[in-house]
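Survey of secondary and tertiary structure
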Amino acid sequence: MSIRVVVADDQELVRSGFTMILEAQEDIEVVAEAGDGAAAVAAVLGHTPDVLLLDIRMPVMDGLEAARRVCARSSCKVVMLTTFDLDEYVYDALYAGASGFLLKDVRRDDLVHAVRVVAGGDSLLAPAVTRRLVADIVRRRREEAATGPAPDRLDILTAREVEILRMLARGLSNAEIATTLFVSEHTVKTHVSNVLSKLGLRDRVQAVICAYETGLVTPGAPL
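Residues numbered from 1 in each chain as written. Predicted model: local features only at pLDDT ≥ 70, side-chain atom pairs only at ≥ 80, totals over all residues. Heavy atoms only, no water.

A few words now on the nonpolar core. Grouped together as the largest cluster of nonpolar side chains are 29 residues, with contacts concentrated most on Ala8, Leu52, Leu54, Val70, Val78 and Met80. Residue assignment for this core shows that the elements contributing at least two residues are β1 (3-8), β2 (28-34), α2 (37-47), β3 (51-55), α3 (63-73), β4 (77-82), α4 (90-96) and α10 (204-213). Residue contributions to this core peak at 5 residues, all from α3. Apart from the residues within four sequence positions on either side, Leu52 is in contact with Val6, Ala8, Ala40, Val44, Val70, Cys76, Lys77, Val78 and Val79. In terms of nonpolar packing, the next biggest core, distinct from the first, is built from 25 residues, Val162, Val192, Ala207 and Ala211 among them. (Core = buried A, V, L, I, M, F, W, Y, C linked by side-chain atoms within 4.5 Å. Buried < 20%, exposed > 50% of the residue type's maximum accessible area, 1.4 Å probe, protein only. Helix = DSSP H or I, 4+ residues; strand = E, 2+ residues; numbered from the N terminus. Contact = heavy atoms within 4.5 Å.)

If you want it as C-alpha cells, here you go:
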C-alpha cells in the first residue's frame with residue numbers, strides 16, 4: 001500500500017519539486033497539493049493522507065494553525081517545512097502535534113526518508129531543531145520552577161514505561177531500545193504505545209517534550 005501525501009507550500013516551484021521527487025517513489029503517492037493553510041486542511045480532510053508536508057509560513061491560514069487543525073481532526077502525520085533552521089514557530093508547531101521538521105533545502109533522499117519514517121509512526125527532527133527544542137524546554141522549566149513544582153505526570157507509568165520514555169528522549173530507536181533491554185522489538189512497540197496513550201501524547205516528538213518538561217531527562221545527563 002502506498003504512503004499517501006499532501007504537499008502544502010505557497011511557492012509553486014517548491015510544491016512541484018517535492019511532488020516530483022515523491023511521485024518517483026513506488027511506495028509514495030501525492031494525492032493533493034495546496035497553496036495555503038486553509039487549502040491544506042481541506043486537502044487532508046478530503047483525501048485522508050498519511051503525511052502532510054506543510055510550510056510553516058503560509059497565506060490565508062499559517063502553517064501553525066493548519067497543523068493544529070489537522071492534528072486535532074485527523075490521524076495524518078504533519079512534517080513542517082521552513083527555510084530557517086531556527087524558525088520562531090518550530091516549538092509551537094511541535095506542541096501543535098507536528099511529527100517532524102525539515103528545511104526546504106533538504107536533500108532528495110532525506111525528503112523521501114522523512115516521509116517514510118513519519119508515516120511509519122516515528123518522529124523526525126533536524127539536529128539544529130532538536131538542540132533548540134531542548135534549550136527552550138530547559139528555559140521554560142527554570143521559569144516555572146519559581147512558581148513551584150508541577151504535578152508529576154509520570155506517576156501513572158510503570159517503572160519499565162518510565163525507562164522506555166527516558167530512552168525515547170535520548171533518541172534511541174525501537175530496535176536500539178530492544179537491544180539495550182534484551183527484549184523483542186514488538187515488546188518495545190507495545191511499551192511505547194502504552195506510554196503515549198497514558199500520557200495523552202500524539203507521537204514520539206511529544207514524548208521527548210514531556211520527558212524534558214517533567215525533568216526525567218536533562219541535557220547532557222547520561223542515559
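After that view of the structure, there is still more to cover.
The next subject is unusual backbone geometry. Of note, the phi angle at Thr48 is positive, near 45°, even though the residue is not glycine. Of note, Thr48 is situated in the loop between α2 and β3. Here Thr48 falls in the exposed class, since its relative accessible area comes to 57%. Positive phi values are uncommon outside glycine, yet Phe182 reaches one of about 60°.

Counted residue by residue, β2 has 5 buried out of 7 residues, so it is predominantly covered. Chirality of the crossover, the property in question, places the unit of β1, helix α1 (residues 12-23) and β2 among those that are right-handed. (Right-handed = clockwise from strand over helix to strand, strands pointing away.)

A separate point is the side chain of Lys104. Mapped onto the elements, Lys104 comes out in the loop between β5 (100-103) and α5 (108-119). At 2.9 Å, the side chain of Lys104 and the side chain of Asp9 are in polar contact. In this view, Lys104 contacts Asp9, Gln11, Phe18, Asp55, Leu81, Thr82 and Thr83; residues no more than four positions away in its chain are not counted. (Polar contact = N/O pair within 3.5 Å; in protein donor to acceptor, adjacent residues only side chain to side chain.)

Another aspect to go through is the sheet that holds β5. In spatial order, the strands read β2-β1-β3-β4-β5; together these 5 strands make up an open sheet with parallel pairing. Each edge of the sheet is formed by a strand with only one pairing partner; in this case those strands are β2 and β5. Put simply, the sheet's adjacent strands are angled 25° from each other on average, direction ignored. Both β1 and β3 contribute to a ladder of 4 bridges, which runs parallel. Bridging from a neighbouring strand, Ala8 pairs with Leu54 of β3. Sitting on the sheet, α1 touches β1, β2, β3 and β4, and the angle it makes with β2 is about 165°. (Pairing = 2+ DSSP bridges. Axes fitted to C-alpha atoms, helices over the stretch in contact; angles between N-to-C directions.)

Pairs may arise between side chains of opposite charge once their charged atoms sit close together. On inspection of all chains with the given rule, the structure shows 9 salt bridges. Asp55 is the salt-bridge partner of Lys104, the closest N and O atoms lying 3.1 Å from each other. Of the two residues, Lys104 is situated in the loop between β5 and α5 and Asp55 in strand β3; the sequence distance between them amounts to 49 residues. Considered together, Lys104 and Asp55 belong to a single accessibility category, that of buried residues. Note that Arg68 is salt-bridged to Glu65, the shortest N-O span being 3.1 Å. Taken together, the residues span about one helical turn, with Arg68 and Glu65 both in helix α3 at a distance of 3 residues. Note on Arg68: relative accessible area 39%, which makes it partly exposed. The exposure class of Glu65 is partly exposed, given its relative accessible area of 25%. (Salt bridge = Lys/Arg side-chain N within 4 Å of Asp/Glu carboxyl O.)

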